[in-house]
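A structural walkthrough
Take a look at the letters that make up each chain.
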Amino acid sequence: GDDGITLLWSPSTPLGMAHRYHLGVELLAQIFYDEYQALRDLFEVIGDNYLRKQRLLAQLNADGTNNADDTSTRAISPRMFKELEMDFINKAAGINHEHGKFYIHHSCGHINGLLDLYAQTDMDAVDMLTICPVGDCNLADAKQRLGPNIVMMAPFETLTLVRGNPDEIRTMVRTFFEDARPGDNFIPYLVPQPNSSTLEILELVVEEARKYQRQIG
């Protein structure tokens, strides 16, 4: 029904696109240290193009945008993020906020080393905040470091879902909500795993989650 939010996929960041598509991790690192100013100038041009697209998306009938950045310290350093990405994120967030929309930053990698920097940005939420052992975050720690203004959108832990043990799943779901106490600024969600998530397993996760969800209204 009308319970939820609708997000549009938006352009990533210049840095995110550089390490994933245009340059790759190794070449990006080399250019970052050898041709730093040229890289900044390039990202400024790319960023202006992406921000024009953000302005178009912010005018559409949705609640906000999700930038599909795939941020991970396996690909970039905190210094790269601070110097080449934070300013762009704040500009993109500002465009959405001017239209009363959310700006969601998609981070499905290892971001424990970036959480303190995230807290200094104007993003509204971290999408796919991935906890251990697949990622390197802990929900309780992430909640404290991100502060009261950034929502954690975290998927239920996938390896437990793949194993499919009902008792493990119940424990995982309970721990998920306990670590996110008191539950504000927290949106958990369920990502079915290809070739392993049966309907029964997915229904069990939802059933267990409803025991802990906060009732609003």
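Residues numbered from 1 in each chain as written. Predicted model: local features only at pLDDT ≥ 70, side-chain atom pairs only at ≥ 80, totals over all residues. Heavy atoms only, no water.

What to know about the side chain of asparagine 66
Rules: For the purposes of this entry, the term helix denotes a DSSP run of H or I that reaches at least four residues, the term strand denotes a run of E that reaches at least two, and both are numbered from the N terminus. N or O atoms closer than or at 3.5 Å make up a polar contact, with two conditions inside protein: a donor-capable atom paired with an acceptor-capable one, and, for residues adjacent in sequence, both atoms drawn from side chains. Two residues qualify as a contact provided that any one of their heavy atoms is within 4.5 Å of a heavy atom in the partner residue.
By the secondary structure assignment, asparagine 66 is in strand β2 (residues 64–66). Reaching out from asparagine 66, the side chain makes a polar contact with the backbone nitrogen of alanine 68 at a distance of 3.3 Å. Among residues more than four places away in sequence, those in contact with asparagine 66 are Leu7, Leu8, Trp9, Ser10, Ile104, His106 and Asp127.

Details of the pairing of strand β3 (residues 102–106)
Going by this rule: The classification of residues rests on relative accessible area computed with a 1.4 Å probe and restricted to protein chains. Under 20% of the type maximum is buried, over 50% is exposed, and intermediate values are partly exposed. Strands qualify as paired when DSSP identifies two bridges or more between them.
Judged by how many residues are buried, β3 sits mostly within the fold: four of five residues are covered. As paired strands, β2 and β3 are joined by three bridges and run parallel to one another. Bridge pairing in β3 links asparagine 66 to isoleucine 104. Taken together, the three bridges between β3 and strand β4 (residues 125–127) define a ladder with parallel strand orientation. Within the sheet, the bridge partner assigned to histidine 106 lies in β4 and is aspartate 127.

Comments concerning unusual backbone geometry
Following cysteine 132, the chain continues to proline 133 via a peptide bond in cis, the omega torsion being 5°. Structurally, proline 133 is set in the loop between β4 and α7 (139–146). Between arginine 181 and the following residue, proline 182, the backbone shows a cis peptide bond with an omega angle of 5°. The residue proline 182 is located in the loop between α9 (166–179) and β6 (186–189) in this model. Phi is positive for methionine 128, close to 60°, though the residue is something other than glycine. Backbone geometry places asparagine 185, a non-glycine residue, at a positive phi of 55°. Structurally, asparagine 185 can be placed in the loop between α9 and β6.

Quick word on the sheet that holds β4
To keep it simple, the criterion reads: Orientation is described by axes fitted as lines to C-alpha atoms, over the contacting stretch for helices, and by angles from 0 to 180 degrees between their N-to-C directions.
Ordered by their spatial adjacency, six strands build an open sheet running β1-β2-β3-β4-β5-β6, and the pairing between neighbours is parallel. Here the strands that pair on one side only, and so sit at the sheet edges, are β1 (7–9) and β6. When strand polarity is set aside, the average angle formed by the axes of neighbouring strands in this sheet is 25°. Taken together, the three bridges between β1 and β2 define a ladder with parallel strand orientation. Its bridge partner being in β2, leucine 8 is matched across the sheet by threonine 65. In this fold α9 packs onto β5 (151–155) and β6, with an angle of close to 165° to the strand it touches most, β6.

A few points about the layout of surface pockets
The line we're drawing: Cavities and pockets are defined on a 1 Å grid built over the protein atoms alone: a cavity is a set of grid points where a 1.4 Å probe fits but cannot escape, while a pocket is an open set with protein on both sides within 12 Å along at least five of seven lines, and lining residues are those with an atom within 4 Å of any such point. Grid points are joined across faces, edges and corners, and a volume is the space filled by probe spheres set on the points. Here the nonpolar group is Ala, Val, Leu, Ile, Met, Phe, Trp, Tyr, Cys and Pro; Asp, Glu, Lys and Arg are the charged ones; every other residue, Gly included, is treated as polar.
Volume-wise, the second largest pocket comes out at about 230 Å³. Put simply, the parts of the chain that give the lining of the second largest pocket at least two residues each are α3 (36–58), α4 (78–84) and α5 (86–98). Per element, the largest residue contribution to the lining of the second largest pocket is seven residues, and it comes from α3. Counted by class, the lining of the second largest pocket contains five nonpolar, one polar and eight charged residues.

A look at the packing of helix α2 (residues 25–34) against α3
What counts here: If an angle is under 35 degrees, it is roughly parallel; if it is over 145, roughly antiparallel; if it lies from 65 to 115, roughly perpendicular; otherwise it is oblique.
Between α2 and α3, the shortest axis-to-axis distance is 5 Å and the interhelical angle comes to 115°. The pairing of α2 with α3 is recorded here as roughly perpendicular in orientation. Taking contact as the criterion, the partners of Leu28, Ile31, Phe32 and Asp34 in α2 are, on α3, Tyr36, Leu39 and Phe43. For the contact of α2 with α3, the class distribution of residues is six nonpolar, no polar and one charged.

A look at the nonpolar core
Worth spelling out the cut-off: Definition used in this section: a nonpolar core is a set of buried Ala, Val, Leu, Ile, Met, Phe, Trp, Tyr and Cys residues joined via side-chain atoms within 4.5 Å.
Ranked by internal contacts, the top residues of the largest apolar core, which has 52 residues, are Leu129 and Phe176. Sequence-distant contacts of leucine 129, defined by excluding residues within four places in its chain, comprise Ser107, Ile111, Cys137, Leu139, Ala142, Leu146, Met152, Met153, Ala154 and Pro155.

Re the packing of α3 against α5
Packed helix pairs are characterised by how far apart their axes lie and by the angle those axes make with each other. Condition: A crossing counts as left-handed when the near helix is turned anticlockwise from the far one by less than a right angle, and as right-handed when that turn is clockwise.
Running from N to C, α3 and α5 point in directions that differ by 20°, and their axes come no closer than 9 Å. One way to sum up the angle between α3 and α5 is to call them roughly parallel. The hand of the α3/α5 crossing is right-handed. Along the contact surface, α3 presents Glu44, Gly47, Tyr50, Leu51, Gln54, Arg55 and Ala58, while α5 presents Phe88, Lys91, Ala92, Ile95 and Asn96. Counted by class, the contact of α3 with α5 contains six nonpolar, three polar and three charged residues.

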